[in-house]
Amino acid sequence: MNTETFAARHIGIAENDLSKMFGTIGVDNMEQLIYETIPDDIRLKEPLNLPKGISEHEFLAHIQKLSEKNQIFKSYIGLGYHESLTPSVIKRNILENAGWYTAYTPYQAEIAQGRLEALLNFQTMVSDLTGMELANASLLDESTAAAEAMTMLFELRSREQKKNGVVKFFVSEEILPQTLSLLETRAIPLGIELVVGNHENFGFSEDFYGTILQYPGKFGQVNDYAGFVQKAKANEIKVAVAADILSLVLLTPPGEWGVDVVVGTTQRFGIPLGYGGPHAAFFATKEEYKRNIPGRIIGITKDTDGNRALRMALQTREQHIKRDKATSNICTAQVLLAVMAGMYAVYHGPNGLKYIAGKVHGQASQLAKTLESFGFEQLNSCYFDTIRVKVKNSIALREITEGHGINLNYIDAETVSISLNEAVSEEDVKTIALCFAEAHGIKTHDAVPLASEGIIPNALQRKTPFLEHEVFNAYHSETELMRYIKKLERKDLALNHSMISLGSCTMKLNAASEMLPLSWAHWGNIHPFVPLKQAQGYQEMLKALESQLNTITGFAATSLQPNSGAQGEYAGLMVIRAYHESRGEGHRNICLIPASAHGTNPASAVMAGMKVVVTKTDEKGNIDVADLEEKVQLHSENLAALMVTYPSTHGVFESSIKQITRLIHENGGQVYMDGANMNAQVGLTNPATIGADVCHLNLHKTFAIPHGGGGPGVGPICVAEQLKPFLPTNPVIETGGDTPISAISAAPWGSALVCLISYGYIKMLGTGGLTNATKAAILNANYIKDRLKGKFDVLYTGERGRAAHEMIIDCRPFKANGIEVTDIAKRLIDYGFHAPTVSFPVAGTLMIEPTESESLAELDRFCDAMLSIRKEIDEASADNPNNVLKNAPHTLGMITHDVWEFPYSRQQAAFPLPYVAENKFWPSIRRTDEAFGDRNLMCTCAPIEAYAEA
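Basis of the calculations
- Counting starts from 1 at the beginning of each chain's written sequence and moves along it residue by residue.
- With pLDDT at 70 or above as the cut-off, local features in this predicted model cover only qualifying residues; side-chain atom pairs require 80 or more to be listed or tallied, and sums for whole chains, interfaces and linings still use all residues.
- Only hydrogens and water are set aside; all other atoms, that is, all heavy atoms of the structure, feed into the side-chain values.
- UniProt positions are given in the numbering used here, feature names are shortened, and annotations may be inferred rather than shown by experiment.
- In DSSP terms, a helix is any run of H or I states spanning at least four residues, a strand is any run of E spanning at least two, and both are numbered starting from the N terminus.
- The contact rule is simple, with two residues in contact once any of their heavy atoms fall within 4.5 Å.
- When a carboxyl oxygen of Asp or Glu is within 4 Å of a side-chain nitrogen of Lys or Arg, the pair counts as a salt bridge.
- Here's how the labels work: a residue is buried when its accessible area is under 20% of the maximum for its type, exposed when over 50%, partly exposed in between, all with a 1.4 Å probe on protein chains only.
- Axis lines are fitted to C-alpha atoms, over the contacting stretch for helices. Their N-to-C directions set the angle, which ranges from 0 to 180 degrees.
- Roughly parallel means an angle under 35 degrees; roughly antiparallel, over 145; roughly perpendicular, 65 to 115; everything else is oblique.
- By definition, turning the near helix anticlockwise from the far helix through less than a right angle yields a left-handed crossing, and turning it clockwise yields a right-handed one.
- All residues other than Ala, Val, Leu, Ile, Met, Phe, Trp, Tyr, Cys, Pro, Asp, Glu, Lys and Arg, Gly among them, are scored as polar; the first ten of these are nonpolar and the last four charged.
- Two strands qualify as a pair provided DSSP detects at least 2 bridges between them.
- The handedness of a crossover follows from its direction of travel: if, with the strands pointing away from the viewer, the path from the first strand over the helix to the second runs clockwise, the crossover is right-handed.
- Delimitation of the domains relies on an automatic or database domain assignment.
- As a working definition, buried area equals the accessible area (1.4 Å probe) given up by two parts on being put together, with both sides summed.
- Here a polar contact is taken to be a pair of N or O atoms separated by no more than 3.5 Å, where protein atoms must pair a possible hydrogen donor with a possible acceptor and residues adjacent in sequence count only if both atoms sit in side chains.
- We define the nonpolar core as a collection of buried residues of types Ala, Val, Leu, Ile, Met, Phe, Trp, Tyr and Cys that are connected through side-chain atoms lying within 4.5 Å of one another.
- Think of it as the arc spanned by the lines of direction from the helix axis to the C-beta atoms.
- Centres within 6.5 Å make a pair out of two Phe, Tyr or Trp rings, where for Trp the six-membered ring is used; the pair is then stacked when the planes are under 30 degrees apart, edge-to-face when over 60, and tilted otherwise.
- Over a ring means this: the NZ of a Lys or the CZ of an Arg is within 6 Å of the ring centre and within 35 degrees of the ring normal.

Named according to an unreviewed UniProt entry, the chain is Glycine dehydrogenase (decarboxylating) originating from Flagellimonas olearia. If you open the UniProt record of the chain and go to Subunit (unreviewed entry), you find "The glycine cleavage system is composed of four proteins: P, T, L and H." Listed under Function (unreviewed entry) in UniProt, the entry text for the chain is "The glycine cleavage system catalyzes the degradation of glycine. The P protein binds the alpha-amino group of glycine through its pyridoxal phosphate cofactor; CO(2) is released and the remaining methylamine moiety is then transferred to the lipoamide cofactor of the H protein."

Below is the structure:
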């Protein structure tokens, strides 16, 4: 074995495993399997034009050298991004811990209680600091959250406002520039009219349904919006506020003014800048809007035994169920970052946050007083951390500050703003002041006077307590927090325990060498709006990644800006929309979507201003070409796009794909390919070859960014030549095409930090490793399919009986024994496995995807578990629900209880197969009561007894 080959470490199947696997599948070699799986007319004729892979050692040396091209300045630019200090105990035990970063979205609550508690802490922190009743479990970034607020309030218009066509939304000119750009993007297709202006001059006309304010403003001014909010409410205008979360420690929370929504980012709660992300945004609102709030909400309920349990609440409002009627297309939270931000609040507690906020504000005041003593005019009448200063010549000042390794925000030729943060020292304040003095020829003799106190007026000072729950007041030593984090980690099942075979989600290895650079300061501590020359390492890496993805997809250009798969869908459709408009065909608004598509597809299409027309699937699970052709002809004049997943959501390479894409093009449409299943394409076929025009790629699936318990995600779009001009830009740092659409996310390159992972994945695997990884994914899926043959029916296969990289097994026949697919999912927990995808895309089924990084031994353990469960199904009967499947999962408390009233043994319940005893995972709760939790919605930290049913 070549120990320097990364592919051998990433791909779980060894060379000596192949003969057994081929024998089980019934093929002679890998090439026969691939020939029988992928239609020959879409196979690539040449290997990927990428370099061969490099070793992990070589990659780490390369990425270290590349990082040194980034210049670490002290950045006081602000605009929503601030240097923060990640407590080492959080960095080491969460960010760098596979038990946290390899977990999946907590749809299986019984094996996600740790993450769910951490997210409940996050929600409590947000609700407390904002003064709002309800918060979700995070969104993608502040600008996205603001856009979601705008659209939620649009949906919440009164009946009279909808009847009268009220579509105006007032945006304060104090809003962050990237947020304004994203509001523009979202408003256009929905017919929302943005009006930007000074809030003091706003007339509260009945033509407006809502407004958004920035608190503090983009250049630091803190305004008292209480009167504004009162007038808005009197005129039936709903109010959203984008707030700095650290400022809310000292400032009056917007909830106390009676606003409807508060949004922002928690980046400055211990999260690295990372050149723009990933960071966890927050979204807080009133409880009356609970069924309209976008994203995930963690709620408290009880389990079968009446014990406190957590789970994702109110899922019926999400796109997986409501599709084109969903509240949002948002499918990804920023869980890992939300967990870290919540733990930052747990570690520091209310008093620690008061100290940090007080220090930041005090130093801003100190700097302001010092500059005023030098003769400079400070323009903000009230501020928290950002001062705005009048200067003679900002260009001359910039030369000096950059010479001292300092970045400021240069507003115009005579004005700069300076945003301070928790990492600022007394020496830093002095250095900034001396730069101003030097630029203006002021002799200071190095004397920097100190300000005695801050200047927040009494009317704007926070007077209400926050973070009073025990969790924020018990873990302030490193020992205690370390143990608390470990306590939560033990309640979660992640990839460091066993295979997570979720179809359509691709839970593959997130290699340690890909992850290590995320902790390095030269990657983590770069503000997204620094001059490009300071971020040359990032620029080289991002451009190389774009080039890699162009080669893999066969397309002409890539935008890395979308920071989730759903954002990628939306971006792709908006680019298609812009393309049609550029050709004078802006009337094209019909989007064809197969019935089997992921729920985010129709939700994204509606957000992009398109009308969804659903096409049928045939009895084999493929797109019904006759039905598609009929609908294409019917809508040919207005056809905008087809959204197609390939291979299909049913796990099949449809042989009619080129016929389908040709049909769309012949009728004036563009083809959007959902990249969810790209793990079955890389190196063997690609979107360009099948005839697509744009695809998004889930870097958190195919390209090894970890799911992080439900985020971060990255969903870049790759486009054909004709769509290249329309790739999205950013208002601060120009990106995208020649005639770009406005922003899709807040930062120019989205979640740039975690792009390092995919860059490393591709660079270490190289052309041969990438292709072999795809082949291994297809091999593993077909091996599981054939090992389960005769006991579980696979719903759909290709024309030669092969699955792609995933397959759907039918569990509906087991209803005759009283067993539902959920029972199988819960019983798998007792065997130490996370369930495959449940009831998607077909109700009553499991969709299994093993990925290429699993070993034959692990595949066999999973198959053994499934076959053992099949025997248990045979022993069950519909008239006796007291069986091992219906009672699953079995907790340690059940097994060790003095009373055992079940008709099977404790050993069968907890240790059904010998391997389980070697590495037993104990769920911390029994099944959650979803209905109870939704009837008694409870989304902040509080004792469960306070919410018992009457």
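So, next bit.
Trainee: I'd like to hear about the UniProt feature "modified residue: N6-(pyridoxal phosphate)lysine" (unreviewed entry) in the chain, residue by residue, with values.
Mentor: Mapped onto this structure's residue numbering, the UniProt feature "modified residue: N6-(pyridoxal phosphate)lysine" (unreviewed entry) falls at Lys701. Here Lys701 shows up in the loop between strand S21 (694-697) and strand S22 (717-719). Apart from the residues lying within four places of it in its own chain, the contact partners of Lys701 are Ser504, Cys505, Thr506, Lys508, Ala676 and His707.

Trainee: Explain the pattern of salt bridges residue by residue, including any values.
Mentor: Enumeration according to the criterion identifies 37 salt bridges in this entry. Ionic pairing is found between Asp860 and Arg787, a salt bridge with its closest N-O pair at 3.0 Å. Of the two residues, Asp860 is situated in helix H27 (residues 856-875) and Arg787 in helix H25 (residues 752-787); the sequence distance between them amounts to 73 residues. Exposure remark for Asp860: the relative accessible area of 12% places this residue in the buried category. With relative accessibility at 23%, the residue Arg787 sits in the partly exposed group. One salt bridge in this structure joins Glu820 and Lys815, with 2.7 Å as the shortest N-O distance. Here Glu820 falls in the partly exposed class, since its relative accessible area comes to 34%. In this structure Lys815 comes out as partly exposed when scored by relative accessible area, which is 44%. It is possible to trace a salt-bridge network through shared partners that takes in Glu36, Lys785, Asp786, Lys789 and Arg802.

Trainee: Got a sec to walk through the packing of helix H5 (residues 88-95) against helix H16 (residues 478-489)? Specific residues and values, please.
Mentor: Put simply, H5 and H16 touch, their axes get as near as 10 Å, and they point 20 degrees apart. Here H5 is positioned roughly parallel relative to H16, judged by the angle of their axes. H16 is crossed by H5, and the crossing has right-handed handedness. In this structure, H5 uses Val89, Ile90, Asn93 and Ile94 to contact H16, whose residues at the interface are Glu478, Leu481, Met482 and Ile485. The residue makeup of the contact of H5 with H16, split by class, is 6 nonpolar, 1 polar and 1 charged.

Trainee: Could you give an account of the pairing of strand S18 (residues 611-615), naming the residues involved and the relevant values?
Mentor: As paired elements, strand S17 (residues 590-594) and S18 share 5 bridges and run parallel to each other. Bridge assignment links Pro594 to a residue of S18, and that residue is Thr615. Taken together, S17, helix H21 (residues 600-607) and S18 form a β-α-β motif whose crossover is right-handed.

Trainee: Tell me what's going on with the UniProt feature "domain: Glycine dehydrogenase C-terminal" (unreviewed entry) in the chain, and back it up with residues and numbers.
Mentor: This chain's UniProt record puts "domain: Glycine dehydrogenase C-terminal" (unreviewed entry) on residues 773-890. Strand forms 10% of residues 773-890 and helix 38%; the C-alpha atoms that close the span are 36 Å apart.

Trainee: So what's going on with the sheet that holds strand S19 (residues 639-645)? Residues and values would help.
Mentor: The strand order S16-S22-S21-S20-S19-S17-S18 describes an open sheet built from 7 strands, whose pairing is mixed. In this open sheet, the two strands that pair with only one neighbour each are strand S16 (557-559) and S18. Averaged over all adjacent pairs, the angle separating strand axes in this sheet is 25 degrees, with direction ignored. Relative to S21, strand S20 (residues 670-675) runs parallel, the two sharing 4 bridges. For Gly675, the partnering residue across the bridge sits in S21 and is Leu697. On top of the sheet, helix H20 (residues 565-582) reaches S17, S19, S20, S21 and S22; it is set at about 170 degrees to S20, its chief contact. The strands that helix H23 (residues 657-666) touches are S17, S19 and S20; relative to S20, the one it contacts most, it runs at about 140 degrees.

Trainee: Give a description of the domain arrangement of the chain that names residues and reports values.
Mentor: As far as domains go, the chain holds domain 1 (52-57 + 521-767), domain 2 (76-105 + 136-295 + 330-492) and domain 3 (770-917). Taken over C-alpha atoms, the centre of domain 1 sits 33 Å from the centre of domain 3. Buried surface at the junction of domain 1 and domain 3, summed over both partners, amounts to about 1900 Å²; 61% is from carbon and sulfur atoms. Seen at the junction of domain 1 and domain 3, the total is 9 residue pairs in polar contact (both at pLDDT 80 or more). Ranked by residues supplied to the side of domain 1 that touches domain 3, first place goes to H25 with 5 residues. Classifying every residue of the side of domain 1 that touches domain 3 gives 11 nonpolar, 14 polar and 2 charged.

Trainee: Account for the nonpolar core, with residues named and values stated.
Mentor: Grouped together as the largest cluster of nonpolar side chains are 218 residues, with contacts concentrated most on Met125, Tyr215, Met343, Leu481 and Tyr538. The greatest single-element share of this core, amounting to 19 residues, is contributed by H25.

Trainee: Pulling in residues and values, what's your account of helix H26 (residues 821-830)?
Mentor: Counting buried positions along H26 gives 9 out of 10 residues, so the element sits mostly inside the fold. Buried residues in H26 make contact with strand S25 (837-838), strand S26 (845-848), H27, helix H29 (906-910) and helix H30 (914-918). Two residues or fewer past H26, Gly832 is found with a positive phi of approximately 90 degrees.

Trainee: Pulling in residues and values, what's your account of the environment of Phe202?
Mentor: Along the chain, the position of Phe202 falls in the loop between strand S4 (193-197) and strand S5 (208-215). With a relative accessible area of 9%, Phe202 lands in the buried category. If we ignore the near neighbours within four places in the chain, the residues touching Phe202 are Phe170, Phe208, Phe228 and Ile237.

Trainee: Explain the sheet that holds S5 to me, and be specific about the residues and the numbers.
Mentor: Taking strand neighbours across the sheet as the criterion, the 7 strands line up as S2-S8-S7-S6-S5-S3-S4 in an open arrangement whose pairing is mixed. At either end of the open sheet lies a strand with only one pairing partner, and these are strand S2 (134-135) and S4. Packing of helix H10 (residues 177-190) onto the sheet brings it into contact with strand S3 (168-172), S4 and S5, and relative to S4 it is tilted by some 155 degrees.

Trainee: Quick rundown of the side chain of Ser751? Include the residues and the values.
Mentor: By the element assignment, Ser751 lies in the loop between S22 and H25. Beyond its immediate chain neighbours, meaning those up to four positions away, Ser751 contacts Gly277, Pro278, Gln334, Asn563, Gly713 and Val714.

Trainee: Residue-level account of helix H22 (residues 625-634), with values.
Mentor: Along H22, the positions that sit buried rather than exposed are Val625, Asp627, Leu628, Lys631 and Val632. Seen from one end, H22 has its buried residues packed into an arc of 160 degrees, which puts them on one side. Exposed and oriented more than 90 degrees from the buried face of H22 are Ala626, Glu630 and Leu634. Check the buried side of H22 and you find it contacts S17, S18, S19 and H23. Where H22 starts, the residue carrying a side-chain oxygen 3.2 Å from the main-chain nitrogen of Ala626 turns out to be Asp624.

Trainee: Run through the pairing of S4, naming residues and quoting values.
Mentor: Here S3 runs beside S4; their pairing, made up of 5 bridges, is parallel. Across the sheet, the residue bridging to Phe170 is Val195, located in S4. Chirality of the crossover, the property in question, places the unit of S3, H10 and S4 among those that are right-handed.

Trainee: An account of unusual backbone geometry is needed here, citing residue identities and associated values.
Mentor: A cis amide bond links Tyr215 to the next residue, Pro216, at an omega of -10 degrees. Note on placement: Pro216 falls in the loop between S5 and helix H11 (226-234). With omega at 25 degrees, the peptide bond leading from Gly711 into Pro712 counts as cis. Here the phi dihedral of Thr851 falls at roughly 65 degrees; this positive angle occurs in a residue that is not glycine. For Thr851, the position within the fold is in the loop between S26 and H27. When its relative accessible area of 1% is taken as the criterion, Thr851 is described as buried.

Trainee: Residue-level account of the packing of aromatic side chains, with values.
Mentor: Summed over the entire model, instances satisfying the criterion amount to 29 aromatic pairs. Note on Phe170 and Phe202: the rings are 4.4 Å apart at their centroids and 25 degrees apart in plane angle, and the pair reads as stacked. With Phe170 in strand S3 and Phe202 in the loop between S4 and S5, the pair connects residues that are 32 residues apart, well separated along the chain. The pair Phe170 / Phe202 is uniform in exposure class, with both members buried. Relative to Phe436, the ring of Phe376 lies with its centre 5.4 Å away and its plane at 85 degrees, an arrangement referred to as edge-to-face. Taken as a pair, Phe376 in the loop between helix H13 (335-373) and strand S11 (377-378) and Phe436 in helix H15 (residues 426-439) lie far apart in primary sequence, 60 residues in all. The rings of Phe170, Phe202, Phe204, Phe208 and Phe228 are connected pair by pair, giving a single aromatic cluster. Against the face of Phe154 rests Arg157, its NZ or CZ located 3.8 Å from the ring centre. A cation over an aromatic ring shows up here: Lys920 above the ring of Trp922, its NZ or CZ 4.9 Å from the ring centre.

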